[in-house]
Amino acid sequence: MRTFRILFFKELKAYFLSPFGWLICAFAALMQGLLLSTAMKGFLDTPRTESLVFATFQAPTFWFYFLFLFPVLTMRLFSEESRSGTLEGLLTAPVKTWHVVLSKFCAAYATFLILLIPAFVHFKLFTLLTEVPPPFNTGELVGVFVILALMGALFTAFGCLASCFTSSQIIAGIVCIGILLIHFLLGLVTFFYGDKIPAASFFSFISSSEHLATYSRGLIDSRPLVYYLVMTGFILFLTHHLLDYRRWKK
Amino acid sequence: MIEIVNLSKHYGRHHAVDEISFEVQRGDIVGFLGPNGAGKTTTLRMLTGYLPPTSGAARIAGLDIFRESLEVRKKIGYMPENVPLYVEMRVKEYLRFRGALRGLSGTRLRTRLGEVMETCGLSHVRRKMIKTLSKGYRQRVGLADALIHEPELLILDEPTNGLDPNQIRAIRKLIQDLGKEHTILLSTHILSEVEMTCNKVVIIDEGKVRAADSPSNLVSSMRRAGRVTMELKIAPEVGESILPTIEHVTKVTSELLQDGWTRFSVFVAPNTDTRIRLAALAAEKGWPLRSLSRRNANLEEVFVELTRKD
């Protein structure tokens, strides 16, 4: 546990003791602000039955920036260490492979959770700054942050896996965004082809956009919860073995 | 300290390390020699637990490197080739991180940090970022990193690679000092370094151990005797026709010097000394003789003899 803690804080420092972490934080805050203000404009133009939270996160632009956060956060994790050779120093210290994998994942995930803070603050500011009663309730706000945190865990794990494949950061980033896009588009299959096709229930089961829609209505469904947690565990398991395998093969 | 038994590493069909066996006693400074691609780094990586062996076994301080890898790693200080470091960290920060990773904490970590920075001459750069340091200083950071947890065994992969002569001397001195308290296994190309610092040499080539002994034993057992050089005041043809008649002489070449003397290079069979007979011959024939010497083999010749491809 001590080893994990040391590695975790080292990784976390790498994010926030350089401009990198702050830049991506600013980018996330900016995009979140744009989404919120677009949703608010929409409310101004036409009366709507959904809440402001739902409208903010239903905009297609949300996915554009959200999916791009993960390659940026994770591409460096393993590929940089394997390129510069520091992985050798790390794995010849009395450290278990899972310490390394879990500490890197947790540091990237913690950074992702920090990126969510501005979005949360925006909604709080809305209540504080406008005199109108908030056009959303606590359940919806909690729901949306729960699902964002869950999706973030799986997507960060995908990023770790991609970073393990190669010693080039760029390729790791491209592989990561590729995996995320495929995962996202598989969730849209029922949207394009209707729910009469075979395996429609499978596609809607893994559909991140449907999960987001459900949770941002304030419905805490246990199926996505289990799906994201189990998948995160599985992908990290693969990452652990890939890291060892690359060493064995080399 | 180290016992290696039939250790192998295969990459597909390529046998990078092929059933090597040797032992290192506690307190030895062992030079691990071999041409490029001989399998030195692969062997060291297997010993440090970075690469798993294909077959065979090795024990360090009585612990199996594969089954008790974590315990073994605690006993080893390893400096990889090219010294990979986290360049965006500061020297002291890096060493503190590495020390903590090896299980040091509190006062002990602080004392050890001070000690290794002092030993490796890093005190005045401790607040500098590693990326701003020169190669020599990075090498020292790597060495400090390997030393911080007071390991029983130091494994250094080409510790003087790419350093200037002054830095090489400094590192060599450091290794000699460290050898008083640690067992050291170091790989290198620089043979003079091995002759000066090591009390045992292991030479490997194409994944196989070619020799494992002390440098002086290797040199004397090799005594190719090689070549006797003598300078006589006679015509080259005379010498070339008469000298080969002496026992053990295999070949004679000559070179006319500017002052009228001739230098003969007399090649003789291994492990023989023909100097007395050559001197007697010169006296018998009445040839003026002004120099007669045998070149002693050095480690470099041993190395070349053991690893040459022709």
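Right above here is the structure, for reference.
Structure report, in brief. (Residues numbered from 1 in each chain as written. Chains lettered and ligands numbered in written order. Predicted model: local features only at pLDDT ≥ 70, side-chain atom pairs only at ≥ 80, totals over all residues.)

## Brief notes about the pairing of strand β3 (residues 29-33) of chain B
All names here are of chain B. Rules: Here the C-beta atoms are placed from the backbone, and a residue counts as buried if at least 20 other C-beta atoms lie within 10 Å of its own, exposed if 12 or fewer do, and partly exposed otherwise. The numbering of helices and of strands both runs from the N terminus, where a helix is a DSSP run of H or I of at least 4 residues and a strand a run of E of at least 2. Strand pairing follows a simple DSSP-based rule, namely that at least 2 bridges must link the two strands.
Buried residues dominate β3, accounting for five of its five residues. Neither face of β3 is left uncovered, since the one carrying I29, G31 and L33 and the one carrying V30 and F32 both have all their residues buried. Note that β3 and strand β9 (residues 200-205) share four bridges and pair parallel. Note that in β9 the partner of L33 across the bridge is I203.

## Structural notes on the interface of chain B and chain A
By convention, interface size is frequently given as the accessible area that disappears when the constituent parts associate. Note the following rule: Each residue is represented by a C-beta atom placed from its backbone, and any two residues with such atoms within 7 Å are regarded as in contact. The nonpolar class holds Ala, Val, Leu, Ile, Met, Phe, Trp, Tyr, Cys and Pro. Asp, Glu, Lys and Arg form the charged class, and all remaining residues, Gly among them, are polar.
Taken together, the contact between chain B and chain A spans 19 residues of the former and 16 residues of the latter. Of the residues in the side of chain B that touches chain A, the class split is twelve nonpolar, four polar and three charged.

## Here we look at the pairing of strand β14 (residues 289-294) of chain B
Residues and elements named next belong to chain B. Of all six residues in β14, zero are buried; the element is thus mostly exposed. Examined bridge by bridge, strand β11 (residues 227-232) and β14 share five bridges and lie antiparallel to one another. Bridge pairing in β14 places M230 opposite L292.

## Concerning the environment of B:L289
Residues and elements named next belong to chain B. Summarising the element assignment, L289 is placed in strand β14. The spacing of L289 and A279 is ten residues in sequence and 8.0 Å in space, taken between C-alpha atoms. Residues in contact with L289, not counting those within four places in the same chain, are M230, L232, A279 and A282.

## Considering the nonpolar core
Filter applied, for reference: The term nonpolar core refers to a group of buried residues, namely Ala, Val, Leu, Ile, Met, Phe, Trp, Tyr and Cys, whose C-beta atoms join them within 7 Å.
Ranked by internal contacts, the top residues of the largest apolar core, which has 124 residues, are A:A157, A:F158, B:I60, B:A144, B:I155, B:I184 and B:L185. A per-element tally of this core places helix α8 (residues 138-165) of chain A first, with 15 residues. Apart from residues no more than four positions distant in its own chain, A:F158 is found in contact with A:F70, A:C176, A:I179, A:L180 and A:I235.

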